[in-house]
Amino acid sequence: MDTVFVSIFIILAGGTAALFLSSRFVLMQRIMVGATTLGSIAGLHFALTHLLDDGPVATATFAWLHIFDLSFTADSISLFFLLPIFLIPPLALIYSLHYFTDSKKNLRVAVNYFFTAVLIASMPLVVTASNMISFALSWEIMSIASFFLVLFDYQNEEKRKAGYLYLIFVQGGAMFLFAAFALIYRHTGSFDFSAVSSMPDSGKLLVFILALIGFGSKAGLFPLHIWMPSTYSAAPSHLPGIMSGVMAKMGIYGILRIYLLLDAPTSVFGNVVLICGILTGIFGVVYALVRQNIKELLAYSSMENIGIILIGLGIGMLGADEGNQAMAFFGFAGALLHLFNHSVFKSLLFMGAGAIEQQTGTNSIEDLGGLLKKMPVTGKTFLVGSTAISGLPPFAGFISEFLIYYGAFQGVDTHRLSFLLAIFAIISLAVIGGLATAVFTKVMGLTFLGAARTKKVEQAKEVKPSMQWVMILLASVCLFIGLVPAPFIHTAFAGLRDISFVSSYNAQSFLTVVQQISETTMLFVLLILALVMLRQFLYLNKRIRWAGTWGCGFTKPTVRMQYTGASYADDMVNFFKWLTPVTRLYSGITQIFPRRATWHMQSEDTALMNYERALVRPLYSLVYKLRWIQHGNIQLYISYIIVAVIILLVFFL
Amino acid sequence: MIQLTNTLLALTLLSVLLSLGSDRLVSLIKIMTFQGIIVSLIPLTLLFQEHHGEIGAGNVLIFQAMLIIKGILIPWFLFMALKKVKMRREIEPIIGYHASTFAGLFFILMSTFIADRFFQIILNNEHVLLLITAITTLSAGLFLLISRKKAITQVIGYLMMENGIYLLGSTLAKQTHTQYVVEFGVLLDILVAIMIMGIVLHNINSTYDGMDTGDLDSLHDLDSNRSLFHRLKG
C-alpha cells in the first residue's frame with residue numbers, strides 16, 4: 001500500500017510545484033509531467049505486481065480527527081481499477097505539453113495542473129477506500145477537483161454554465177451516496193465496508209438503488225447523463241480523456257463495489273443494472289448519432305460504453321444469482337476489460353478531437369472535412385480509435401465486447417427472466433455495436449475524408465510531436481490488445497480473484513478460444529498488409545493522377561456537394577425518432593431557378609427536456625414565490641437567525 | 001474571590017446596558033473596551049477560585065493574548081476606522097436608545113429565566129450569575145446587530161456577541177487553557193472581521209456617501225432579469 005501513497009505524494013508534489021512555478025511556463029509543464037509520470041509508473045508497478053501475484057491483500061489505516069479511521073484496502077478489483085488510473089493521466093499530461101501553449105495564461109494552467117494532480121491523486125484513494133469515511137472523503141475531493149478542471153475557460157459563460165451543471169449533478173449524486181451510507185450506518189452501526197453485508201435484507205434494495213443513482217450520476221447513467229456533453233466539451237481537451245476514460249469509471253467501480261458488499265440477496269440488483277445498462281447504451285448511441293459536435297458526440301459515446309460495461313456487470317450479476325459461474329465470470333471479466341479498453345480509446349479519441357479543435361478552431365463536423373491529408377497522424381490514430389470503439393477486430397473493443405457476448409450466451413440455457421434478459425442484452429449489444437459503427441463512420445468520413453468546408457480547415461497542419469506520440473502510443477495499445485489479447489484477458493481474470501463466487505471458476509478452456517481469435521486476427525492483419533504491398537507493387541511505375549475528392553465528373557464541384565452529418569444520419573435518426581425528437585427546418589424549393597435553400601436538423605436530449613419540464617420549472621416557480629425572503633436587509637436576516645434559535649430552544653430543548 | 005467575580009459580572013451587565021443606550025460612537029467604543037477588559041479578566045478570577053492561585057504558564061499566555069486583543073487591538077482598529085470615516089453619532093437607529101435600554105433590562109430577566117429553567121441541573125447553582133451575564137451579553141449583541149444601521153455598530157454588535165460566547169464558554173468549561181481554543185478562534189475571527197470592516201467601511205463611505213448598511217440592499221438579487229433561473233437559461 002505504501003507504494004500507492006508514495007506515488008500519490010509524488011503526483012501531488014508535482015501539482016503543488018506547478019502552482020509555485022507558474023511564472024516559468026515550460027519548466028512548470030515539465031515538472032508536472034515528470035512527477036505524474038514517475039508517480040504513475042510506481043503506482044502501475046504496484047498494481048500489476050500485486051494483481052498478478054497471488055499475494056495477501058494490502059491494507060493501511062490512519063486515525064483521523066481522533067474519532068474516525070481512514071482505512072484503505074487494495075483487493076484485486078481495486079488493483080484492476082488502479083491500472084487505467086495510473087495509465088491514462090500521465091499520457092494526457094504529456095499531450096498537454098503542446099496543447100497548453102499560451103504562456104500568457106500561465107497562472108490558469110498552473111491551477112489546472114494542480115487540480116489535475118488532485119484529481120489523479122484522489123482516484124486511487126477512491127478505489128482502495130475500505131470504509132465509508134475514507135470513501136466519501138476521497139469521492140468528494142475527486143468531484144470538487146474535477147469541477148475546477150471544467151472551469152478552465154471561466155470567462156466563457158457557456159463553459160461556466162457547463163461547470164455549474166456538472167457540479168449540480170456531482171453533488172446531487174454525492175447526496176444520494178451519503179443517504180445510502182447513512183442507511184447502512186443506521187442498520188449496522190459501523191463505518192466499515194466489511195459490516196455492510198450484515199444489514200437486514202429488507203434495507204439492502206433501497207441502499208442499492210440510492211447508491212446506483214449516486215454512482216450513476218458520476219458514470220453517466222441514463223437519465224443522469226445530461227452533464228456529460230457540455231462538461232466534456234468545456235474542459236481542455238486532454239482532460240475529458242481522464243474524466244470520461246478514468247473518472248467516470250469510478251461510478252462503475254462504486255456500483256460493482258456496493259453490489260459485492262451488499263452480497264445480493266435478490267436477483268433484482270442484476271436485473272436493474274442490466275436494464276439500466278441497456279437503456280444507457282441505446283440512448284447514448286442514438287444521441288451520439290444526431291450530434292454534430294465531435295466532443296459532444298464522444299461524450300454520448302462514453303455514455304454508450306458505460307452502457308456496455310453495465311450490461312457486462314448486469315450479466316455477471318445475473319450469472320451470480322443463477323449460480324451460473326461461467327456467465328458471472330465472463331460478464332464481470334468483460335466489463336472490467338471493456339472499462340480498461342474504453343479508457344484507452346476514449347482518451348485517444350478525445351485527444352484527436354482536441355488536436356482538430358486546436359488546428360481548425362472548431363469541433364463541428366459540418367465545418368470540417370479532408371483533414372486526413374493535412375493531419376495524417378491524427379487521422380490515422382483517430383481511425384484506429386473509431387474502429388476500436390465500434391468493437392471491430394483487430395482492435396481492443398472487439399475483445400472485451402466478445403467477452404461480454406460470451407458471458408451472455410452462457411446465460412441462454414438458464415430459464416425464465418434471466419434467459420429473456422440475456423437474449424435482450426445480446427440483441428442490444430448488437431444494436432449498440434452497429435449504431436456505434438454508424439456514428440464513427442460519420443465522424444471519420446465527414447471530418448477526415450472529403451474536402452475542407454472552410455478556409456481555416458483548409459490551412460490546418462499536423463499537431464506538435466508530443467501530441468502525436470501520445471496518440472500513436474494509445475493507438476498501438478488498441479492494436480496490441482486486439483492482436484495479443486491473452487495477457488490482458490488474463491489480467492482482467494486476475495481482477496476477479498477476490499470476488500468469492502467466481503474465484504473458483506477455471507477459464508482455461510476459454511484461453512484456447514482467445515488463442516484462436518488472436519491467430520485469426522493476426523492472419524487478417526497480415527492479409528491486409530499483403531494487399532497493401534500488392535497494391536503498392538501493382539502501382540509501381542504507373543502514372544498516378546490526383547483529383548479533388550468527390551469530384552464525380554463535375555466541372556466545377558464545390559465543397560457543399562458533400563454529405564453532411566445531418567444527411568448521413570437522417571435515415572437512422574428517422575428510425576429512432578421515438579427516442580430522440582428531431583426538428584427539421586427546410587426552406588423548400590419552389591421556383592425553377594431556385595434561390596438559396598436551407599435544410600437544418602436539430603435534435604434535443606429527451607432527458608434534458610424532461611428535466612426542464614418536470615423539475616426545473618415547477619421548482620423555479622415555487623422558489624420564485626419565496627423570493628421576498630431575500631430582501632437584502634441585513635438586520636432582518638439576523639432576526640431570522642434569532643427566530644430560528646428561539647424556535648429551536650422552545651421546541652427541542 | 002467570589003465577590004470579585006460577581007463585581008466584575010455586575011460591571012459587565014452595566015456596560016451592556018450603557019452600550020445599548022449610548023448614541024455617540026466614540027463612547028460606545030470606549031464602553032466596549034471596558035467591557036472587553038472586564039470580560040477577559042473574569043475567567044482569571046474563576047481560575048484563582050478553582051485552582052487556589054496556581055495558574056499554568058499556558059493559561060497566563062492565553063489570557064494575556066485575550067486581554068491584548070480585546071483591550072488594545074480591537075479598540076484601536078475601531079478608533080482608526082472611525083477616524084477614517086469621520087462619523088460621530090449613530091443617527092436614526094431602528095429601535096431608539098431608551099427602548100434599547102429597556103430591552104436590555106428585559107434581556108436580563110429573560111436570561112435569568114433561561115438559566116434557571118435549562119441549566120439548573122448542569123451547573124448546580126455554581127455559576128448561575130455568570131451564565132445570566134453571558135446570555136444577556138449575547139442577546140444584547142444580537143439586539144445591537146438588529147437595531148442599528150451603521151456598519152460600525154454592527155461590528156460592535158458582533159464584538160459583544162463574542163464577549164457573550166466567551167463568558168458562556170467560561171461557564172460551561174473547566175478553566176484550563178485548552179478549553180478556550182474555540183473562544184480564541186472566535187476572537188480571531190472577530191479581529192479579522194474588524195480589520196476588514198475598517199477597509200469596507202471606507203469603501204461604503206465613499207461609494208454610498210454614508211455608512212448606512214440599509215443602502216447595501218441595492219446590491220441584492222431580486223431583479224427578475226438577473227435571477228438565477230434566467231442566468232441558467234442564458
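Residues numbered from 1 in each chain as written. Chains lettered and ligands numbered in written order. Predicted model: local features only at pLDDT ≥ 70, side-chain atom pairs only at ≥ 80, totals over all residues. Heavy atoms only, no water.

## A short note on the overall build of chain B
Moving on, step 1. Looking only at helices and strands, chain B features nine helices and zero strands.
Moving on, step 2. Ordering the α and β elements of chain B from the N terminus gives α-α-α-α-α-α-α-α-α.
Moving on, step 3. Looking at chain B residue by residue over its 234 residues, the buried ones come to 47%.
Moving on, step 4. For chain B, long-range pairs separated by at least 24 residues make up 78% of all intrachain contacts whose partners lie at least 6 apart in sequence.
Moving on, step 5. Here chain B displays about 11,600 Å² of accessible surface, and carbon together with sulfur accounts for 68% of that area. (Helix = DSSP H or I, 4+ residues; strand = E, 2+ residues; numbered from the N terminus. Buried < 20%, exposed > 50% of the residue type's maximum accessible area, 1.4 Å probe, protein only. Contact = heavy atoms within 4.5 Å. Areas by Shrake-Rupley, 256 points an atom, 1.4 Å probe, with all protein chains shown as cover.)

## Observations regarding the pattern of salt bridges
Pairing between side chains becomes possible if they bear opposite charge and their charged atoms approach one another.
Residues and elements named next belong to chain A.
Moving on, step 1. Taken as a whole and assessed by the stated rule, the structure comprises eight salt bridges over all chains.
Moving on, step 2. Residue Arg-257 pairs with Asp-75 through a salt bridge whose shortest N-O separation is 3.0 Å. With a gap of 182 residues between them, Arg-257 in helix α9 (residues 238-262) and Asp-75 in the loop between β2 (68-74) and α3 (76-99) connect regions that are remote in the sequence. For the residue pair Arg-257 and Asp-75, the accessibility class agrees, reading buried in each case.
Moving on, step 3. One salt-bridge network, in which partners are shared between bridges, spans Arg-108, Asp-153 and Lys-159. (Salt bridge = Lys/Arg side-chain N within 4 Å of Asp/Glu carboxyl O.)

## Some remarks on the environment of A:Gly189
All names here are of chain A.
Moving on, step 1. Inspection of the secondary structure assignment puts Gly-189 in the loop between α6 (157-188) and α7 (201-219).
Moving on, step 2. Residue class for Gly-189 comes out partly exposed when judged on its relative accessible area of 47%.
Moving on, step 3. Through-space distance from the C-alpha of Gly-189 to that of Asp-153 is 45 Å; in sequence the pair is 36 residues apart.

## Some words on the domain arrangement of chain A
Moving on, step 1. On domain assignment, one finds that chain A holds domain 1 (266-498) and domain 2 (606-652).
Moving on, step 2. Distance between the C-alpha centres of domain 1 of chain A and domain 2 of chain A: 44 Å. (Domains from an automatic or database assignment.)

## Some words on the packing of aromatic side chains
All names here are of chain A.
Moving on, step 1. Enumeration according to the criterion identifies 47 aromatic pairs over all chains in this entry.
Moving on, step 2. An aromatic cluster of three or more residues is present, and its members are Phe-329, Phe-330, Phe-398, Phe-402, Tyr-406, Phe-493 and Phe-510.
Moving on, step 3. Over the ring of Phe-152 we find Arg-108; its NZ or CZ atom is 5.7 Å from the centre of that ring. (Phe/Tyr/Trp six-rings, centres within 6.5 Å; stacked < 30°, edge-to-face > 60°. Lys NZ or Arg CZ within 6 Å of the ring centre and 35° of its normal.)

## Some details on empty space enclosed by the protein
Residues and elements named next belong to chain B.
Moving on, step 1. For the structure on display, the rule yields four cavities of 30 Å³ or more.
Moving on, step 2. Considering only enclosed or pocket space, the largest cavity measures out at about 50 Å³ in volume.
Moving on, step 3. If you trace the largest cavity, you find it lined by Met-32, Thr-33, Gly-36, Lys-70, Ile-74, Pro-75, Leu-159 and Asn-163.
Moving on, step 4. Of all the elements in the fold, those that place two or more residues in the lining of the largest cavity are α2 (25-51), α3 (57-85) and α7 (151-172).
Moving on, step 5. Class assignment of the residues belonging to the lining of the largest cavity gives a composition of four nonpolar, three polar and one charged. (1 Å grid on protein atoms, 1.4 Å probe; cavity = no way out; pocket = protein on both sides within 12 Å on 5 of 7 lines; lining within 4 Å. Points joined across faces, edges and corners; volume = space filled by probe spheres on them. Nonpolar A, V, L, I, M, F, W, Y, C, P; charged D, E, K, R; others polar.)

## Overview of the packing of helix α11 (residues 294-322) of chain A against helix α15 (residues 396-410) of chain A
Residue and element names in this part refer to chain A.
Moving on, step 1. For the pair α11 and α15, interaxial distance at closest approach is 10 Å and the crossing angle is 35°. Of the two elements, α11 crosses α15, and the hand of that crossing is left-handed. Here Ile-308, Ile-311, Gly-312 and Ile-315 of α11 come into contact with α15, specifically with Glu-401, Ile-404, Gly-407 and Ala-408.
Moving on, step 2. For the contact of α11 with α15, a count of residues per class yields five nonpolar, two polar and one charged. (Axes fitted to C-alpha atoms, helices over the stretch in contact; angles between N-to-C directions. Left-handed = near helix turned anticlockwise from the far one by under 90°.)

## Thoughts on α7(B)
Moving on, step 1. Here α7(B) is 22 residues long and its end C-alpha atoms lie 32 Å apart, about the 32 Å a rise of 1.5 Å per residue gives.
Moving on, step 2. Burial within α7(B) is extensive, with 18 of its 22 residues counted as buried. (Expected span 1.5 Å × (residues − 1).)

## Quick look at the side chain of A:Thr280
Residue and element names in this part refer to chain A.
Moving on, step 1. Structurally, Thr-280 can be placed in helix α10 (residues 268-290).
Moving on, step 2. Reaching out from Thr-280, the side chain makes a polar contact with the backbone oxygen of Cys-276 at a distance of 2.6 Å.
Moving on, step 3. Ignoring anything within four residues of it in the chain, the contact list for Thr-280 reads Gly-220, Leu-221, Phe-222, Met-303, Glu-304 and Gly-307. (Polar contact = N/O pair within 3.5 Å; in protein donor to acceptor, adjacent residues only side chain to side chain.)

## Overview of the packing of helix α4 (residues 106-128) of chain A against helix α5 (residues 132-150) of chain A
All names here are of chain A.
Moving on, step 1. Where α4 meets α5, the axes come as close as 8 Å, and the angle between the chain directions of the two elements is 155°. As judged from the angle between their axes, α4 and α5 are roughly antiparallel. Here α4 and α5 pass one another in a crossing that is left-handed. On α5, the residues that touch Asn-112, Phe-115, Thr-116, Val-118, Leu-119, Ser-122, Met-123, Leu-125 and Val-126 of α4 are Phe-135, Ser-138, Trp-139, Ile-141, Met-142, Ala-145, Ser-146, Phe-148 and Leu-149.
Moving on, step 2. Among the residues making up the contact of α4 with α5, the classes are represented as 13 nonpolar, five polar and no charged. (Parallel < 35°, antiparallel > 145°, perpendicular 65-115°, else oblique.)

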